[in-house]
Amino acid sequence: MRAVSRGRLADAPTALLGTGLGLVAWFIILISTQAAANGALYPLLDAHDYQNSWGGPTLAGAWAAHAALAVPILVAAVWLLRGLVVLGSDEQEPSTGSRSQWWSRPLALLLAAAGAVLFVGWINQL
């Protein structure tokens, strides 16, 4: 109750950082889903000359190479999402009155900025 009575403006930085971390999480989900789809559905998505593709010259080799690349990406995505959840829960603690780590706010800001830069770079390469 005390956190609510402080006013809405006091929780604005926490809300903005939480939104930034949420957008980074959605971007990680998007990229990892794309990697999983490319690995699992490679022959349907990229049906072209397998002679020059990763794992070529056969379809089986190209499919295996793309699937083998997708698995570590999915593992890393789950690991990153877990870290974002921990960081996001640490960011929420100031609104409840408890103390958070000194590094959580700068790290959340850095991750949100890095996610924005990576998202813009990803959009520009499409």
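Residues numbered from 1 in each chain as written. Predicted model: local features only at pLDDT ≥ 70, side-chain atom pairs only at ≥ 80, totals over all residues. Heavy atoms only, no water.

Peer 1: I keep staring at the overall build of the chain and nothing clicks. Help me out?
Peer 2: Helix and strand content of the chain: five helices and zero strands. Seen in sequence order, the chain has helices and strands lined up from the N terminus as α-α-α-α-α. Relative to its full complement of 126 residues, the chain shows a buried share of 23%. Here the chain has roughly 8,800 Å² of accessible surface; of this, 71% comes from carbon and sulfur atoms. (Helix = DSSP H or I, 4+ residues; strand = E, 2+ residues; numbered from the N terminus. Buried < 20%, exposed > 50% of the residue type's maximum accessible area, 1.4 Å probe, protein only. Areas by Shrake-Rupley, 256 points an atom, 1.4 Å probe, with all protein chains shown as cover.)

Peer 1: Mind showing me how you'd approach the confidence of the model for the chain here?
Peer 2: Fine structural detail should not be taken from predicted coordinates in areas where pLDDT scores are low. Averaged over all residues, the pLDDT of the chain is 78; the fraction at 70 or higher stands at 79%. By mean pLDDT, the top-scoring element of the chain is helix α5 (residues 104-125) (86), and the lowest-scoring one is helix α1 (residues 2-5) (50). (pLDDT = per-residue confidence, 0-100.)

Peer 1: Just checking my understanding: could you explain a nonpolar patch on the surface for this structure?
Peer 2: Where nonpolar side chains cluster on the molecular surface, the patch consists of Trp102, Trp103, Leu107, Leu110 and Leu111 and spans about 550 Å² of accessible area. Inspection of the secondary structure assignment puts tryptophan 102 in the loop between α4 (59-96) and α5. Assessed through its relative accessible area of 72%, tryptophan 102 is described here as exposed. (Patch = residues over 30% accessible without salt bridge, like charges linked within 9 Å, V, L, I, M, F, W, Y side chains within 5 Å. Salt bridge = Lys/Arg side-chain N within 4 Å of Asp/Glu carboxyl O.)

Peer 1: Help me understand the environment of leucine 109, please; the structure alone is not making it clear to me.
Peer 2: Relative to the helices and strands, leucine 109 is located in helix α5. Assessed through its relative accessible area of 53%, leucine 109 is described here as exposed.

Peer 1: Which parts of the structure should I look at to understand the nonpolar core?
Peer 2: Side chains of a nonpolar character, in soluble globular proteins, are inclined to be buried together. Among the nonpolar cores identified, the biggest contains nine residues, and these are Leu17, Leu21, Val24, Ala25, Ile28, Ala77, Leu84, Leu87 and Ala108. Secondary-structure elements contributing two or more residues to this core are α2 (12-40) and α4. The element contributing the most residues to this core is α2, with five residues. Filtering out sequence-adjacent residues up to four positions away, leucine 21 remains in contact with Leu84, Leu87, Gly88, Ala108 and Leu111. (Core = buried A, V, L, I, M, F, W, Y, C linked by side-chain atoms within 4.5 Å. Contact = heavy atoms within 4.5 Å.)

Peer 1: Explain α2 here, please?
Peer 2: Every α-helix winds through 3.6 residues per turn, so residues three or four apart in the chain are directed the same way. Relative to the 42 Å expected for 29 residues at 1.5 Å per residue, α2 spans 42 Å between its end C-alpha atoms, a close match to the ideal helical length. Within α2, burial applies to Thr14, Leu17, Gly20, Leu21, Val24, Ala25, Phe27, Ile28, Ser32, Ala35 and Gly39. (Expected span 1.5 Å × (residues − 1).)

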